[in-house]
Amino acid sequence: MQKLVLENLNCASCANKIENALCKMPNVQHATINFNTSTLYVQADDLESVKSKIVEIEPHIGFVDQFSKTRDSISSKKEIVLLSSLLIAFGFGMFMLHYEPLQSTLSHATKIAVYVVLIGVYCVAGMPIFKAVINNINNKVLFDENFLMFIATIAALCIGEISEAVAVMIFFRIGEFLESSAVKKSKKSLYSLLDITPEIAHVKSKDINNNETIWHDTHPDLLNIDDIVLVKAGEKIPTDGVILHGKSHLNMQSLSGESKPVFVQSNDHVLAGAINIESVLQIQVSKKFQDSQISKIKATMEEASSTKAKTQKLITRFAQVYTPIVFFLALAIAIIPPIFSDGYWHEWIYRALVVLMVSCPCALVLSVPLGYFGVIGVASKNGILVKGSQHFETLASLKNIVFDKTGTLTQGVFKIIDIIPLNNSVKDELLKTAIHAQRFSNHPIAKSIMQESKDINYTCQAQEFREISGKGIFAKCCNEDILVGNESLMKEFNIDISSFYTHSINQEMIQANSIVHVAKNGNYMGYIIMGDSIKEDSKEAINIIKKLGITPLAILSGDNEKSVAFVANELGIKEYYANLLPTQKVEKMQELMNLHKGNSDKMAFVGDGINDCVVLSYADVGISITAKDSNNDLSKESADIVLTTPSLMGVVNAIKISKRIQRVTWENIAFVLGTKIVLIILGILGIANMWIAVFGDVGVALLALLHALPVVDKAKK
């Protein structure tokens, strides 16, 4: 599959026209145009013939290696100068022809000269339309906005409405320019995301002659695993890797939506695209650029913006039928009434021209996709990667959500919840004793306890260390025997833990978490409560989801029942299912969908781990949430939406965005169709003139664009 970036592609119907023509070429196996990113994906035997065909259909289209802001800026300035000149010339002509005091002094030759100027203005303003019509005829493509505008203005000239024909052509050209500018603005958030990929890497090598270390510049694509790269302050990290030397803060906002700089130092993993803020870092490459997180994000976004929502597909098909119907309606208006009303050809042809101009489909075609691809870019900047605009529609009709527990609703890592000293021991001494014994263990609970060891001094070395499978640890340290583990370990060494049972404790918390008992020299010191704590924002997110009219239906988890029940009770989720294998999760999800889903209602599943990948793909919309210290690439592949941060508020934001964009989309469709129907009726009745018809085309399109853009701005908040 080859990729071409198309310059000056600012018309959705033009994109559809090019795509359809390319698909009919015998040497083209596949062609898809992503209008949102102005990108053509084509599989063809001869790429040059594809380019020639595109230029043949739309001569103004160019081909660039990347999105060029400079060219857009230069081209916009030229267009503004040209349009200003045309308006001045048109204003001069109208002044000369219609300013009453001048009429008696104007000679016949002067009036002819003024009309020549107006015809010149018409020709210059309409040049792109004339070229498009000629190309359309050569390619046997009719009934687009260029054809309708050409027929309408030529007919207006023929019946003597020169001023209105010229005015319509100028204001249509101005409207097209404003429309194009609005499209570019709505694409800006998506372009900025696609521009975050790094373009240079300073890679380490050695001078063969004097064996000195040198740094040379290369493209991130050419980096290999274990290469060492230098990242200066203000530069982007070229690919995923591990810091060898240096410490700094990184701007991760483009990757995760996190506005606060993240501190990194030696041995920390860093991601491509993150911006180094403070000081120089040396990084060892851990992944090739094509396998890096930023490459996956970019690929996901390009794929998302190229897929069309059902509403968008429906409107595109409708526009293809709607345009010829209105054209033949206008033709009938121009011919049939005069036959049965003793002439009045001029009047009915004028009315037909108004109907013809109103019927241009551009506003209708643009009314749907703009909001969609605008919020795709903004959502990605806020850590929400949506793999297709159709998933926004699914989220908007969501009624139920089912959650995984560990790493989704909870932190996904063990941590000390509480330390309970007993039998006259003290909390600090209890923790210090546990740390002395646990420091040689790789068990997850041991590692979590060691997180609390930063201020602990290891005053003695372990003389003996023994890990007892399934029970805990025995260690001899400073001639003291230390036991750290579960009840079975205590019983095996005849440690009396009766004080644990008689101590006033929260039984629900004890049952929902892991208990680590600590004993020294045969004496029970107390216990440490270890657990996977609920995320700080989980409760808030669940409450907001309920307010949005969506039911947090159930928790599906492989954890023990008491632990799952505790989390469900804390978050107010009524149903929960524990001790589930991955296949059992799918079965339970299927059961819930059959039981709770209506015909148009949708159900989502939110998970984070490898064991969630099957159920993520089974749900109407699967949402993968990034858990701390979790390598969940498989769940990301299976999901429809990927949250790059561990916060559950990403789910809330995704739902809010989807509801906004669906509402605005249908408001735009209703507004565009409603306005055009009203103006067509007014045109048939002779109330609307060509000036109003121009508003019915470009004015309505601009209003639809302006209505869609605030959705993007609100999504940023």
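Residues numbered from 1 in each chain as written. Predicted model: local features only at pLDDT ≥ 70, side-chain atom pairs only at ≥ 80, totals over all residues. Heavy atoms only, no water.

Re the overall build of the protein
Piece 1. From N to C terminus, the protein includes 26 helices and 26 strands.
Piece 2. Residues classed as buried in the protein amount to 51% of the 717 residues present.
Piece 3. Put simply, of all contacts in the protein between residues at least 6 apart along the chain, 68% involve residues at least 24 apart.
Piece 4. Accessible surface computed for the protein: about 32800 Å², of which carbon and sulfur atoms make up 55%. (Helix = DSSP H or I, 4+ residues; strand = E, 2+ residues; numbered from the N terminus. Buried < 20%, exposed > 50% of the residue type's maximum accessible area, 1.4 Å probe, protein only. Contact = heavy atoms within 4.5 Å. Areas by Shrake-Rupley, 256 points an atom, 1.4 Å probe, with all protein chains shown as cover.)

Re the sheet that holds strand 16 (residues 415–421)
Piece 1. The strand order across the open sheet built from six strands is 16-21-20-19-18-17, with neighbouring strands paired in antiparallel fashion. Every other strand in the sheet has two partners, leaving strand 16 and strand 17 (462–468) as the edge strands with one partner each. With direction set aside, neighbouring strand axes in the sheet form an average angle of 15°. (Pairing = 2+ DSSP bridges. Axes fitted to C-alpha atoms, helices over the stretch in contact; angles between N-to-C directions.)

Quick look at the sheet that holds strand 10 (residues 262–264)
Piece 1. Within the open sheet, the three strands sit side by side as 10-9-12. Their pairing is antiparallel. If you trace the sheet from one side to the other, it starts and ends with strand 10 and strand 12 (275–276), each paired once.

Side note on the pattern of salt bridges
Piece 1. This structure, assessed with the given rule, holds ten salt bridges.
Piece 2. Glutamate 429 is the salt-bridge partner of lysine 520, the closest N and O atoms lying 3.1 Å from each other. Note that lysine 520 is positioned in strand 20 (residues 514–520) and glutamate 429 in helix 15 (residues 427–438), a separation of 91 residues in sequence.
Piece 3. Overall, lysine 520 belongs to the buried group, its relative accessible area being 16%.
Piece 4. Of the charged contacts in the structure, one is a salt bridge between glutamate 667 and arginine 663, with a shortest N-O distance of 3.8 Å. Of this pair, glutamate 667 and arginine 663 both sit in helix 25 (residues 649–685), four residues apart, roughly one helical turn.
Piece 5. Classification of glutamate 667 as partly exposed rests on a relative accessible area of 35%. (Salt bridge = Lys/Arg side-chain N within 4 Å of Asp/Glu carboxyl O.)

Considerations on the pairing of strand 24 (residues 602–607)
Regular strands place their side chains on alternate faces of the sheet.
Piece 1. Extensive coverage of strand 24 is indicated by the burial of five of its six residues.
Piece 2. Inspection of the sheet shows strand 15 (residues 398–403) paired to strand 24 by five bridges, in the parallel sense. Counted as the bridge partner of valine 402 is phenylalanine 605 from strand 24.
Piece 3. Bridging between strand 24 and strand 25 (residues 621–625) involves four bridges; their strand directions are parallel. Across the sheet, the residue bridging to glycine 607 is serine 624, located in strand 25.

Let's talk about helix 21 (residues 561–571)
Piece 1. Every buried residue of helix 21 is listed here: Ser563, Val564, Ala565, Phe566, Val567, Ala568 and Leu571.
Piece 2. In the segment just after helix 21, glycine 572 is the residue with positive phi, at about 75°.

Quick word on the confidence of the model for the protein
Piece 1. In the predicted model, the protein carries a mean pLDDT of 79, and 79% of its residues have values of at least 70.
Piece 2. Here helix 24 (residues 633–638) stands out as the least confident element of the protein, with mean pLDDT 58; helix 20 (residues 538–547) is the most confident, with 94.
Piece 3. Per-residue pLDDT stays below 50 along residues 66–71; that stretch engages in twelve contacts with residues further than four places along the chain or on separate chains. (pLDDT = per-residue confidence, 0-100.)

Here's the deal with the packing of aromatic side chains
Piece 1. Tallied over the entire structure, the rule returns five aromatic pairs.
Piece 2. Judged by centre distance (5.7 Å) and plane angle (50°), the ring pair of tyrosine 122 and phenylalanine 130 falls under tilted. Grouping residues by exposure puts tyrosine 122 and phenylalanine 130 together as buried.
Piece 3. Between the aromatic rings of phenylalanine 500 and tyrosine 527, the centroid separation amounts to 4.9 Å while the plane-to-plane angle is 85°, which identifies the pairing as edge-to-face. Of this pair, phenylalanine 500 sits in helix 18 (residues 498–502) while tyrosine 527 sits in strand 21 (residues 523–531); the two residues are 27 residues apart in sequence, bridging distant segments of the chain.
Piece 4. Taking relative accessible area as the criterion, tyrosine 527 reaches 1% and is therefore assigned buried.
Piece 5. By the ring-pair criterion, three or more aromatic residues cluster together here, those being Tyr122, Phe130 and Phe150.
Piece 6. Across from the ring centre of tryptophan 348, 4.3 Å away, lies the NZ or CZ of arginine 351, which sits over that ring. (Phe/Tyr/Trp six-rings, centres within 6.5 Å; stacked < 30°, edge-to-face > 60°. Lys NZ or Arg CZ within 6 Å of the ring centre and 35° of its normal.)

Focus: unusual backbone geometry
Piece 1. One non-glycine residue, asparagine 424, lies in the positive phi region at around 70°.
Piece 2. Positionally, asparagine 424 belongs in the loop between strand 16 and helix 15.
Piece 3. For asparagine 579, which is not glycine, the phi dihedral falls at a positive 55°.
Piece 4. With respect to the helices, strands and loops of the structure, asparagine 579 is situated in the loop between strand 23 (575–577) and helix 22 (582–596).

A few points about the nonpolar core
Piece 1. If you look at the biggest cluster of nonpolar residues, it comprises 52 residues, and the most contacted ones within it are Val166, Ile170, Leu353, Val354, Met357 and Met690.
Piece 2. Broken down by secondary-structure element, the contributors of at least two residues to this core are helix 3 (69–98), helix 5 (108–138), helix 6 (145–158), helix 7 (162–194), helix 10 (310–339), helix 11 (345–358), helix 25 and helix 26 (690–715).
Piece 3. Sequence-distant contacts of valine 354, that is, excluding residues within four places in its chain, are made with Gly683, Ala688, Asn689, Met690 and Ala693.
Piece 4. Within the second largest apolar cluster, 36 residues are counted, among which are Leu409, Ala578, Ile623 and Leu643. (Core = buried A, V, L, I, M, F, W, Y, C linked by side-chain atoms within 4.5 Å.)

A short note on the packing of helix 11 against helix 25
Piece 1. Closest axis-to-axis distance for the helix 11/helix 25 pair is 8 Å, and the angle between their directions is 170°. Classed by the angle they form, the pair helix 11 and helix 25 counts as roughly antiparallel. Judged by residue contacts, Trp348, Arg351, Val354, Val355 and Val358 of helix 11 engage Lys676, Leu679, Ile680, Gly683, Ile684 and Leu685 from helix 25.
Piece 2. Tallied by class, the residues present in the contact of helix 11 with helix 25 amount to eight nonpolar, one polar and two charged. (Parallel < 35°, antiparallel > 145°, perpendicular 65-115°, else oblique. Nonpolar A, V, L, I, M, F, W, Y, C, P; charged D, E, K, R; others polar.)

Some remarks on helix 2 (residues 47–57)
Piece 1. For helix 2, every residue scored as buried is listed here: Val50, Ile54 and Ile57. Buried residues in helix 2, looked at end-on, bunch into an arc of 70°, giving them a common side. (Arc of directions from axis to C-beta.)

A word on the environment of asparagine 653
Piece 1. By the secondary structure assignment, asparagine 653 is in helix 25.
Piece 2. The exposure class of asparagine 653 is partly exposed, given its relative accessible area of 32%.
Piece 3. On a C-alpha basis, the gap between asparagine 653 and alanine 379 in space is 8.4 Å, while along the polypeptide they are 274 residues apart.

Here we look at the side chain of aspartate 640
Piece 1. The topology assignment puts aspartate 640 in the loop between helix 24 and strand 26 (641–643).
Piece 2. Since its relative accessible area comes to 16%, aspartate 640 is described here as buried.
Piece 3. In contact with aspartate 640, not counting residues within four places along its chain, are Leu385, Val386, Lys387, His391, Asp620, Val621 and Gly622.

Focus: a nonpolar patch on the surface
Piece 1. Side chains of Phe328, Leu331, Ile335, Ile336, Ile339, Phe340 and Trp345 sit close together on the surface and give an oily, nonpolar patch of about 750 Å² of accessible area.
Piece 2. Ranked by residues supplied to the nonpolar patch, first place goes to helix 10 with five residues. (Patch = residues over 30% accessible without salt bridge, like charges linked within 9 Å, V, L, I, M, F, W, Y side chains within 5 Å.)

Structural notes on the side chain of threonine 394
Piece 1. Among the secondary structure elements, threonine 394 is positioned in helix 14 (residues 390–396).
Piece 2. Assessed through its relative accessible area of 14%, threonine 394 is described here as buried.
Piece 3. When neighbours within four sequence positions are excluded, threonine 394 is seen to be in contact with Lys602, Asp620 and Val621.

Focus: the environment of leucine 356
Piece 1. Relative to the elements of secondary structure, leucine 356 occurs in helix 11.
Piece 2. Put simply, leucine 356 and valine 326 are 30 residues apart on the chain and 7.0 Å apart in space, counted from C-alpha to C-alpha.
Piece 3. Once you skip the residues sitting within four places of it in the chain, leucine 356 turns out to touch Leu148, Ile151, Ala152, Phe327 and Ala330.

Digging into the environment of proline 198
Piece 1. Here proline 198 shows up in the loop between helix 7 and strand 5 (201–206).
Piece 2. As a C-alpha pair, proline 198 and histidine 219 span 21 residues in sequence and 8.5 Å in three-dimensional space.
Piece 3. Setting aside chain neighbours within four positions, we find proline 198 in contact with Pro220, Lys236, Ile237, Pro238, Gly273, Phe289 and Ile294.

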